[in-house]
Amino acid sequence: MQHLKQFARIQDTALSQSSFDEIQHFPECGGIGIFVGTVRNHHEGKAVQSLKYTAYAPVAEKMIRQIEQEIQQQYGVSYVRVIHRIGDLAIGETAIIAMAYAPHRREAFQACEVAVERVKHEVPVWKEEFYCDGSSQYVEGCCIRKDHPPVEVHTHTECCNHPHTGENAYQWPL
Amino acid sequence: MHDILIQIEAFGAVKQALPETVQMQCLPGTAIADLLLQLNHSYPAAAALVERCACAIGEDIVPRQQTLQHSTTLVLLSPVAGG
């Protein structure tokens, strides 16, 4: 059994692709899907100066690992990992990295995109934007409450453009 | 029967609608839903935000039907927006 790197999925220091395992550990793989999400300087017409990410780490760590495992099985890929940054981030800093290794490119792209979407929409992480005009607000997010009827259908543009109808609703492609 | 002490820890938008520290007392066996009604009564401005929160204890998301048997921290998870 191979020994893979152990690392936190929620980190409060600058993210690095060196945290992930090397593709050489997976000789059956011929494709790498990588997504690196960075902080941009605008949101819905407002100039953004910086962001602050917070997380409830006990649940976030557990959920990201579950998501990784589910996607590996669902898409038949060898390796899926996601790391999310928390703390104060300046424009251009990396907020999230997702990595997927698969035998072929299509599965690698799929797994990587689904991992990002599910972490964005399901994991307890919050983004507070600080604008250049001195104001700030939490970005409207996805309700993860599961103990009431899932009647909510929303189309907020920042977080997602799809209706949320139940657990693990995201499928690739949209 | 002695009351138990429940500390409320809030994340995301609901954090701005509640004081930094919220502690509540209830009887063992109280449902989370009933405790949150009590919370909404004390902080009505937060009620709409609390309604959209998932609840967690430790590393588990818990349904509001679950009862509280011991003193603990109940975590309120606002709608999420990572990435």
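Residues numbered from 1 in each chain as written. Chains lettered and ligands numbered in written order. Predicted model: local features only at pLDDT ≥ 70, side-chain atom pairs only at ≥ 80, totals over all residues.

- The name given to chain B in an unreviewed UniProt entry is MoaD/ThiS family protein, with the source organism recorded as Acinetobacter indicus.

Let's talk about the overall build of chain B
In step 1: A tally of regular secondary structure across chain B gives two helices and seven strands.
In step 2: Ordered by position in the sequence, the α and β elements of chain B form the string β-β-β-α-α-β-β-β-β.
In step 3: The globule rule puts the C-alpha radius of gyration for 83 residues at 12 Å, and the 12 Å found for chain B is close to it.
In step 4: Dimensions of chain B, computed from C-alpha atoms along their principal axes, come out at roughly 45 × 25 × 20 Å.
In step 5: Per-residue burial over chain B gives 36% buried out of 83 residues.
In step 6: Considering only residue pairs separated by 6 or more positions, chain B has 64% of its internal contacts joining residues 24 or more positions apart. (Helix = DSSP H or I, 4+ residues; strand = E, 2+ residues; numbered from the N terminus. Rg over C-alpha atoms; globule rule 2.2 N^0.38 Å. Buried ≥ 20, exposed ≤ 12 C-beta atoms within 10 Å, placed from the backbone. Contact = placed C-beta atoms within 7 Å.)

A short note on the interface of chain B and chain A
In step 1: Opposite the 21 residues of chain B that make contact, chain A presents 30 residues.
In step 2: Only strand 4 (54–57) and strand 7 (72–77) of chain B provide two or more residues apiece to the side of chain B that touches chain A.
In step 3: By residue class, the composition of the side of chain B that touches chain A is 12 nonpolar, six polar and three charged. (Nonpolar A, V, L, I, M, F, W, Y, C, P; charged D, E, K, R; others polar.)

Remarks on the pairing of strand 7 (residues 94–102) of chain A
Taken residue by residue, a regular strand's side chains alternate between the two faces of the sheet.
All names here are of chain A.
In step 1: Buried residues dominate strand 7, accounting for eight of its nine residues.
In step 2: Of the pairings in the sheet, the one linking strand 2 (residues 31–38) to strand 7 comprises eight bridges and is antiparallel in character. Across the sheet, residue Gly-37 finds its bridge partner in strand 7, namely Ile-96.
In step 3: Bridging between strand 5 (residues 79–85) and strand 7 involves six bridges; their strand directions are antiparallel. What sits directly across from Val-82, in strand 7, is Ala-98. (Pairing = 2+ DSSP bridges.)

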